[in-house]
Amino acid sequence: MIGFEPWEDFPFNQGRLCPKGVKRYMQDEHPDRLKAPLVRKDGIGFVPVSWDEALDKVAGEIKRIQRQYGNDAFALFGGASLTNEKAYLMGKFARVAVRTANIDYNGRLCMVSAGAASKKVFGVDRSANPWSDIPLAKAILVAGANVAECAPITTNYLWQARENGGKLIVMDPRMTPIARNADLYIPVRSGGDIGVFNGMLHVMIERGWIDREFIAQHTTGWEQVEEVVRKYTPQYAARIAGVPAGMIVKAAEIWGPAPSSFLLHARGIEHHSKGVQNCMAAINLVVATGRIGKEGCGYAMITGQGNGQGGREQGQKCDQLPGARDIENPDHRKYIAGVWGVPEESIPHKGLSMVPIVEAVHEGKIKGLLAISCNPMVSLPNNSYVREACEKLEFFCQVDFFLSESARYADVVLAGSLMEEDEGTTTNVEGRVIHHQKAVSPPADARVDWKIICDLAARLGAADKFRYNSSREIFEELRLASKGGIADYYGITWERVDREKGVFWPCPSADHPGTPRLYEGGKFNHPDGKAHFQPVEWKPAAEETDSEYPVILTTGRVVSHYLSGTQTRRIGALVDQYPQPVCEIHPLLATRLDIAEGDFVKVESRRGSVIVRANVVKTIRPDTVFVPYHWPLDRAANNMTVRAIDPISNIPEFKICAVRVSKVSPPHDALAELPMEAGGVR
Amino acid sequence: MNGPENMEFFMDHSRCIGCRACVQACEECDTHRGVSMIHLETIMRPDSVQTAPQVCMHCDEPICAQVCPADAIKKTDDGVVQSSLKPRCIGCSNCVLACPFGVPKYTVEINQMMKCDMCYDRTSIGKRPMCATVCPSGALAFTTRENIERTRQGLAIREWQFGGEIVRTKVNVLVPRNVDRVDVTIEQIDTTGTDEYDVARLLAGD
């Protein structure tokens, strides 16, 4: 793997890339690549061993723990950077080989609020429109999405909409690059989004910018929504949103009468203990105008990972079976049992999601964990709690291509594969299934992920259910398993994907063209065919500011790093672009705290702290600081975050907790003293 | 993808999101690996997130070539100004000082000036320059004038004024429709503040 060349023929991005995509090819031959399975030996450390020894140990420990403590005492973590084939395999592995209820995935930290909201209102967890509808929209609302840094490719779509006369509204506590060009930038307080959404709806009702005919014909529940937003006058809403009332009115004036519109949202409104509520309040703005299911009229939730969409459809969620089926639904269970050739009773019921799994480990109820495609030590909230949990595990196996911070806690590390070392599919933010070719083989003794899982399954007595000769065979089974489900891939083949440059699900049969746009003709996915409005009332975050911790901390990303940083912090040019986390702080707040640009500051919550440099900028609310989360250990933003989760989606509240910020002297610990490129702060 | 010969380079600073995909991609070229020829400027981060790319403008009458005492900078027949010729460049930095856009940079390790040559190895065979290919915001585009006129509200112009000097370039810049020439007037950075992007001011309802 020596370089990259943009593929300009692919319709979604036409060769466009972000800086991470440019440097992505460097991971295959990276010197840090795990090239053999590792076993931790007391007094020595990680020792490379044979695959037989490693897999025997993992299987042995799974069996021992389950014999001693019960099946559910062993948990699995998957991830949304796995291909569809591997995501499907993890779900099947959990229910058929390991027979545990406790499987979940890192998308729990990402798309679940959006997914739950979309399912409640529309009956489907998928963006409603292809991206080609964005430039046709005359009003666009981007809520809680730092598009320029977290979904750079979407930027051109937004700019094109503006070139076509569309108006852009951006809601974000920070003025990000897309906010700078917005026709209306709303510096909403973290967690105050419902103020804007309900306030806008209030004004729209007042001014008659509601499609009552559409509502009558195609929806239920409007009366309750109208009742709830009656009190959300601009002034009332403004107090919740933390912005001037005039902004909310102006937003309604842009969005309300527009002939076409597109709503996009991401973690900014979803990473809350009321994340699902936030999303439903936003979706109300779409459904109330009837501007959905038509050209230029749409709704989308922006994914956070390459397979954020596909990775949440084929069963690696604690409550899900393939095809976006429900693990508690008797018909769904029976169908999947048939596909897998197992008794329906043998399929476990709903298990715990990611944060409750960590809590169960902490409480001694879960004793073993196998994780792939995630780095919980960096990505989960309240890092010190996660660390304690990891240390309590009796056995931990990590499948990975680098020795991540999580892998360092493992007893066995299995050397897995990158996307380019395997063949398979992912499903993009539009619901378009994409085919990835294999370019090279995994290096040295690293193995393709799905073969590792199948070998483990064989050692657990399920060899006959995991006898795949290729990832294509897994996809063929996935097609069958998803057949008739909401996320129906049955009509999709790798060949069709190649020919048609991607196929949008649902695609129930070989002659079905796929479904780029959902809800055409006002047909929604509930049994009654209607969209179900959900009334939303605002409530505070789990941890609001107080006299002891008077500043809001919000967390997020930077463009040159990816998630836990285990892939990007190893690439020089990406580290050069953004070497260390900094604390963004407004000059008004900085002056009050006697902090100047470049000073080291301690950002501290009840749970932990970081010491980073201050970046004094006017482009953030003066009551809020921002620290990006791509770094581990004493630079981890998740040292501070709170372990509160949304009761419906179980997503952690990454976007708001209470901190205090103080100037400190430069750190002199061993890590800090390293050169910048090695992780130091000089 | 091969394109017609009437492809031109268009720069729209207002679209730039500062992602540096252009910088990261440019420095992948084996001719100058690790050193980007495109420059990505952050204008004034304390005040704003605004960023601006700078490629070589491939001037009609390249000032860098005119001031070079070693005749090391050549322009091709299709108007692309090449980087310095290794056997000729003496590392005097006349061009670095003379270019009004700040494009050529002197590298002490090789004692030579290097600058953007519009990915001549790509454009000469009908491929796009790498920066314009990867740019996710469309701030950099390599396309036909017709396409720009059809899809952009801005006007593509190729004339700049620096003090008393008019500079005509091959590379287009997108400007508001009432502008026919970019007039660059030197401003004092620290005294010309911008509160336009001060979130505190926006919240106060100013």
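What comes next concerns the included structure. (Residues numbered from 1 in each chain as written. Chains lettered and ligands numbered in written order. Predicted model: local features only at pLDDT ≥ 70, side-chain atom pairs only at ≥ 80, totals over all residues. Heavy atoms only, no water.)

**Quick look at the overall build of chain A**
Assigned secondary structure in chain A consists of 24 helices and 25 strands. The C-alpha atoms of chain A give 24 Å as radius of gyration, which agrees with the globular expectation for 682 residues (26 Å, within 12%). Taken along its principal axes, the extent of the C-alpha atoms in chain A is 70 × 65 × 50 Å. Here chain A holds 682 residues, and 67% of them are scored as buried. Considering only residue pairs separated by 6 or more positions, chain A has 74% of its internal contacts joining residues 24 or more positions apart. (Helix = DSSP H or I, 4+ residues; strand = E, 2+ residues; numbered from the N terminus. Rg over C-alpha atoms; globule rule 2.2 N^0.38 Å. Buried < 20%, exposed > 50% of the residue type's maximum accessible area, 1.4 Å probe, protein only. Contact = heavy atoms within 4.5 Å.)

**Considering the pattern of salt bridges**
Counted under the stated rule, the structure contains 61 salt bridges over all chains. Across the pair E477 of chain A and K92 of chain A runs a salt bridge, and its minimum N-O distance is 2.9 Å. Remark: K92 of chain A occurs in helix α3 (residues 84–98) and E477 of chain A occurs in helix α20 (residues 471–482); sequence separation between them is 385 residues. Comparing E477 of chain A with K92 of chain A shows no difference in burial state: the two are buried. Connected through shared salt-bridge partners, K23 of chain A together with E27, E28, D30 and R33 of chain B make up one network. (Salt bridge = Lys/Arg side-chain N within 4 Å of Asp/Glu carboxyl O.)

**A closer look at the nonpolar core**
The biggest cluster of nonpolar side chains holds 202 residues, and the ones touching the most others in it are F93 and L414 of chain A. Considering each element in turn, this core owes the most residues, 9 residues, to helix α14 (residues 275–287) of chain A. Ignoring sequence-local partners within four residues, the contact set of F93 of chain A consists of L76, V98, R99, I453, L456, A457, L460 and F466 of chain A. With 35 residues, the next largest nonpolar core counts F9, M37, I38 and C131 of chain B among its residues. (Core = buried A, V, L, I, M, F, W, Y, C linked by side-chain atoms within 4.5 Å.)

**Considering the interface of chain A and chain B**
Interfaces are frequently sized by the accessible area removed from exposure as the parts join. With 50 residues of chain A at the contact, the number on the chain B side is 45 residues. Inspection of the chain A/chain B interface yields 9 salt bridges. Between R128 of chain B and E8 of chain A there is a salt bridge whose closest N-O contact spans 2.6 Å. On the surface where chain A and chain B come into contact, there are 29 residue pairs in polar contact (both at pLDDT 80 or more). Of the residues assigned to the side of chain A that touches chain B, the class counts are 28 nonpolar, 12 polar and 10 charged. (Polar contact = N/O pair within 3.5 Å; in protein donor to acceptor, adjacent residues only side chain to side chain. Nonpolar A, V, L, I, M, F, W, Y, C, P; charged D, E, K, R; others polar.)

**Structural notes on the sheet that holds strand β18 (residues 503–504) of chain A**
Residue and element names in this part refer to chain A. The strand order across the open sheet formed by 3 strands is β16-β17-β18, and the pairing between neighbours is antiparallel. Bordering the open sheet on either side are β16 (424–427) and β18, each of which pairs with just one other strand. By the bridge criterion, 2 bridges tie strand β17 (residues 432–436) to β18 in an arrangement that is antiparallel. Note on β18: the bridge partner recorded for R432 is F504. Packed on one face of the sheet, α3 meets β16 and β17 and runs near 90° to β16. (Pairing = 2+ DSSP bridges. Axes fitted to C-alpha atoms, helices over the stretch in contact; angles between N-to-C directions.)

**A word on the packing of aromatic side chains**
The geometry of an aromatic ring pair is captured by two quantities: the separation of the ring centres and the angle between the planes. Residues and elements named next belong to chain A. The final tally for this structure, using the stated rule, is 21 aromatic pairs over all chains. Ring centres of F93 and F466 lie 6.3 Å apart, and the angle between their planes is 85°; this geometry places the pair in the edge-to-face category. In this pair, F93 sits in helix α3 while F466 sits in the loop between α19 (449–462) and α20, placing the two residues 373 residues apart along the sequence. An angle of 90° between the planes, with centres 5.1 Å apart, marks the rings of Y232 and Y236 as edge-to-face. Under the relative-accessibility criterion, Y232 is labelled buried at 0%. Judged by relative accessible area, Y236 falls into the partly exposed class, the value being 28%. Taken together, F122, F214, Y299, Y519 and F524 form an aromatic cluster joined through their ring pairs. (Phe/Tyr/Trp six-rings, centres within 6.5 Å; stacked < 30°, edge-to-face > 60°.)

Functional significance is not addressed by these values, which are geometric in nature.
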